Amino acid sequence: MAVDELQAIIQRCQILEEADFKGEDFSLFQVAGQKCLEDGYAAQLLEVIQNEKNKVIIKNMGWNLISPLVRCIFMYKQEDDKREHCLKILDQLAQLCNPKELFLGLLEQIEQASGEQACQTVMLLLQPLQTVLLKLQNKKAYSLGLSLAMIMNQLTPLPVPYTKQQIQEDKLGLCQCCNAVVDFTKPFVNEVIKNMEKSSEYNDMELKEELLKFCMKCLKYPLLTAQLEQLEDIEEHPFRHFATEIIDILWDIRELIPLVFLHHKSISPHWKNQEFVDIERKNSADSLACLSYLMFVQHFGIDCFPMVFRLMFYICAKCWQLFFFFFPHLQDLFESCLLRMEDNSLLHQYLELRDFINVPQDLVKVMTLCPIEHLRKKSLHILQLFIDKFDTEGKYTLFRCLLKTSNHAGVEGYIIKNIKDQIHLSLMRACDNIWFTGHHLISLLDLVLLLPEGAETDLLQNSDRIMASLNLLRYLVIKDCENDNQTGVWTTLAKIEQNFLKPLHVGLNMSKAHYEAEIKNKKENRREAHSSNTVCSVTVSGEKMPAMTTEMQLQVLHSALFTFDLIESVLARVEELIEVKIKAVMDENS
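What comes next concerns the included structure.

Parameters and conventions
- Residues numbered from 1 in each chain as written.
- Predicted model: local features only at pLDDT ≥ 70, side-chain atom pairs only at ≥ 80, totals over all residues.
- Heavy atoms only, no water.
- Helix = DSSP H or I, 4+ residues; strand = E, 2+ residues; numbered from the N terminus.
- Buried < 20%, exposed > 50% of the residue type's maximum accessible area, 1.4 Å probe, protein only.
- Expected span 1.5 Å × (residues − 1).
- Salt bridge = Lys/Arg side-chain N within 4 Å of Asp/Glu carboxyl O.
- Polar contact = N/O pair within 3.5 Å; in protein donor to acceptor, adjacent residues only side chain to side chain.

1. Here we look at the environment of Ile10
With respect to the helices, strands and loops of the structure, Ile10 is situated in helix α1 (residues 2-14). By relative accessible area, which is 1% here, Ile10 ends up buried. Sequence separation between Ile10 and Ile58 is 48 residues; the distance between their C-alpha atoms is 9.6 Å.

Right under this line is the structure:
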């Protein structure tokens with residue numbers, strides 16, 4: 001009897017150490033187990049597998065039962081108890097067997113399935129295959145990629161149901177199987193999401209790449225030829241559901257935007273054979289074409305893309321060519337799109353797109369170079385809207401970028417004021433904001449609290465930036481106690497004094513002395529002149545300005561001195577606050 005033969009082999013192996021199992025033992029176990037299944041003793045075989053004493057035996061030998069087990073499952077009818085026992089055995093083997101050996105056994109069964117049984121075999125083995133893959137520590141990404149490639153190779157030859165009747169009947173089970181495969185990938189998608197959330201510098205790209213390859217294959221088959229229009233009497237169109245799931249995966253692994261807008265994501269192996277290279281390029285082009293169709297014709301996942309994305313690149317490309325005639329309308333359109341979006345709703349990853357990060361830089365060009373005042377003001381308004389829509393890390397990235405690229409003191413002063421506002425929000429919130437406190441903020445302050453050319457910086461030309469920087473520093477000293485030091489400003493105070501406060505003192509002394517000397521010279525020249533209405537020409541940036549009288553020149557010089565006095569006043573107040581805070585801490589500690 002098959003069960004007796006199996007029990008005899010089990011009893012003999014129970015007394016052996018795992019290392020002492022021989023090839024003969026594996027063969028005898030496989031033959032006896034297969035005979036139990038074929039003779040209808042699946043219940044008894046299940047008891048043997050569930051017996052805790054046989055755990056080591058099943059771990060090493062159980063995978064050999066996969067082939068006969070799959071055959072028997074398809075042999076029994078749906079309602080047969082023996083089939084139910086076989087399914088339980090399959091589940092037990094997935095839990096108990098050596099993952100590497102069972103993985104190969106499951107893939108072999110999928111590879112051997114064909115025709116009408118392809119989808120049924122894949123759906124049967126997806127759950128145990130997922131269980132095994134989740135157990136694999138090494139080569140998990142490679143194994144997942146191999147599994148998905150094998151599954152897609154088995155499904156691709158099958159005809160895609162197209163008519164309403166074909167979709168409803170789903171004779172080969174393709175509709176059902178495609179959605180089952182997507183469910184199979186979800187734990188791995190969640191793992192990628194979790195790893196990316198842990199670190200913005202997520203470098204383990206293998207698992208992400210395998211999921212991307214799978215999605216690209218799905219876009220080519222079955223979605224490229226699938227009928228995706230809504231059909232009457234079909235509550236949930238299987239291929240529409242499948243398309244939604246594929247778009248969701250691409251979004252979750254942060255590949256949807258690069259694929260849609262850049263269209264140059266390289267996922268092809270580096271073939272030496274040019275013919276293979278051409279085939280891969282063609283497949284990639286087909287997949288990207290399908291993705292564009294899904295997004296912009298069928299509107300799958302379009303909510304992932306606020307309207308601003310669909311207009312932004314057009315606006316950036318055209319704003320300079322159409323500046324004098326159409327740019328005001330483009331500004332209005334862009335503003336309208338931004339106003340429809342919630343603040344803090346745009347992810348910082350969008351700024352990884354070159355064309356996207358060019359938008360604020362182009363707005364700055366309009367703000368600083370456009371001769372039309374209302375367009376300059378409108379661009380400033382749009383820039384602020386643009387900043388407001390990004391998440392905290394996005395704002396941080398924008399601020400760093402604009403501080404480095406704007407080359408305009410007024411713009412830099414405006415950005416520094418924005419930084420102050422974000423710090424204020426961070427200090428007021430209960431939860432920590434890592435981007436505008438601690439080491440991230442210190443890195444940003446290194447760009448803010450310094451003079452571009454040291455003590456020789458043109459203080460008058462940079463006055464907007466300097467005043468904004470001093471006001472920010474004053475705010476930090478007042479709001480952030482030295483004992484708390486949430487912003488890190490007290491840690492880096494020595495650097496701030498060296499790079500900003502001391503050079504500013506020297507620069508102020510030199511600038512005031514220079515302008516006071518100029519005023520003295522102008523007054524002496526005025527006395528010597530026949531009339532105080534003597535005029536002179538002034539050239540600014542290579543352009544001749546309207547003639548100025550000596551009185552007008554003196555007014556400009558006095559205005560400059562007033563600006564220096566204002567800067568000096570705020571500087572003195574900042575240094576006074578620092579001194580008071582440090583003295584208070586010292587008194588407290590003494």
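2. Focus on helix α21 (residues 409-428)
Along an α-helix, residues three or four positions apart point the same way, because every turn accommodates 3.6 residues. In this model α21 runs 29 Å from its N-terminal to its C-terminal C-alpha over 20 residues, within 8% of the 28 Å that 1.5 Å per residue would give. Every buried residue belonging to α21 is among Ala409, Val411, Glu412, Gly413, Ile415, Ile416, Asn418, Ile419, Gln422, Ile423, Ser426 and Leu427, and all of these are buried.

3. Regarding the pattern of salt bridges
Summed over the entire model, instances satisfying the criterion amount to 19 salt bridges. Between Arg573 and Glu576 there is a salt bridge, with the nearest N and O atoms lying 3.5 Å from each other. Separated by three residues within a single helix, Arg573 and Glu576 lie in helix α25 (residues 550-589), roughly one turn from each other. For Arg573, a relative accessible area of 36% puts it in the partly exposed group. If you follow the salt bridges from partner to partner, you end up with Asp183, Lys186 and Glu245 in one network.

4. What to know about the environment of Lys140
Residue position: Lys140 is located in helix α9 (residues 140-155). At 2.9 Å, the side chain of Lys140 and the side chain of Glu191 are in polar contact.

5. A short note on unusual backbone geometry
For the bond running from Tyr221 to Pro222, omega is 5°, close enough to zero to count as cis. Structurally, Pro222 can be placed in the loop between α12 (206-220) and α13 (238-252). Not every positive phi belongs to a glycine, and Lys139 is a case in point at roughly 60°. Here Lys139 falls in the exposed class, since its relative accessible area comes to 63%. One non-glycine residue, Arg254, lies in the positive phi region at around 65°. Examined against the element boundaries, Arg254 turns out to sit in the loop between α13 and α14 (256-262). Arg254 sits in the partly exposed class, given a relative accessible area of 30%.

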